Amino acid sequence: MPHPIMFSDDDFGLAELRRLALGFPVAFEKISWGRPVFCAPKMFAMYGGNLKTDGEMVAFPHSLLVKVDDSDRRSLEQDDRFFFPAYMGPFGWMGLDLTAAAVDWDEVAELLDASFRLVASKKLITQLDER
């Protein structure tokens with residue numbers, strides 16, 4: 001049974017996130033787990049996520065999930081805007097709640113760039129650096 005769609009095209013921040021994420025070499029969007037996922041060809045970002053706390057799921061429908069380097073994880077965990085996403089957190093992912101504060105889209109671009117670099121091939125990273 002497929003996952004239900006858990007977003008609308010007019011959701012807060014999604015249009016800007018699409019503009020940024022689809023600017024990476026060979027980036028494309030697909031729907032996985034009912035959410036927009038950005039790949040190149042491996043997944044480097046997702047719109048929307050959940051936090052599992054005390055056995056309950058807490059939804060963050062207007063959030064960005066990105067893969068983060070272990071060296072960055074510690075500082076992000078100190079920031080209240082970030083959360084450890086259910087299912088993906090143990091695999092190096094963090095979530096940014098886009099509704100927790102005014103969104104710094106330059107920061108979002110940096111998070112996307114770092115996540116892309118963690119999953120993309122050397123060829124794609126070279127293409128990115130040559131832009």
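Up top is the structure.
As the structure is a prediction and not an experimental result, all values here were calculated from the model.

1. Quick word on the packing of aromatic side chains
Okay, so step 1: Taken as a whole and assessed by the stated rule, the structure comprises four aromatic pairs.
Okay, so step 2: On the numbers, 4.9 Å between centres and 25° between planes, the contact of Phe24 with Phe116 is stacked. Taken together, the residues span a long stretch of sequence, with Phe24 in the loop between α1 (14-21) and β1 (28-32) and Phe116 in helix α3 (residues 105-119) at a distance of 92 residues. As far as the burial class goes, Phe24 and Phe116 line up, both buried.
Okay, so step 3: Judged by centre distance (5.4 Å) and plane angle (90°), the ring pair of Phe44 and Phe116 falls under edge-to-face. Of this pair, Phe44 sits in strand β3 (residues 43-53) while Phe116 sits in helix α3, and the two are 72 residues apart along the sequence. Considered together, Phe44 and Phe116 belong to a single accessibility category, that of buried residues.
Okay, so step 4: Here a set of aromatic residues connected by ring pairs shows up, and it is made of Phe24, Phe44 and Phe116.

2. Overview of the pairing of strand β4 (residues 56-67)
Okay, so step 1: Looking at chain direction, β3 and β4 are connected through eight bridges and run antiparallel. Bridging across to β4, Tyr47 finds its partner in Leu64.
Okay, so step 2: Connecting the antiparallel pair β3 and β4 is a turn made up of two residues, with Asp54 showing a positive phi of about 50°.
Okay, so step 3: One ladder, built from five bridges, connects β4 with strand β6 (residues 93-97); its direction is antiparallel.

Reading the values: the criteria
- Residues numbered from 1 in each chain as written.
- Predicted model: local features only at pLDDT ≥ 70, side-chain atom pairs only at ≥ 80, totals over all residues.
- Heavy atoms only, no water.
- Phe/Tyr/Trp six-rings, centres within 6.5 Å; stacked < 30°, edge-to-face > 60°.
- Helix = DSSP H or I, 4+ residues; strand = E, 2+ residues; numbered from the N terminus.
- Buried < 20%, exposed > 50% of the residue type's maximum accessible area, 1.4 Å probe, protein only.
- Pairing = 2+ DSSP bridges.

Geometric descriptors of this kind do not, in isolation, establish any biological role.
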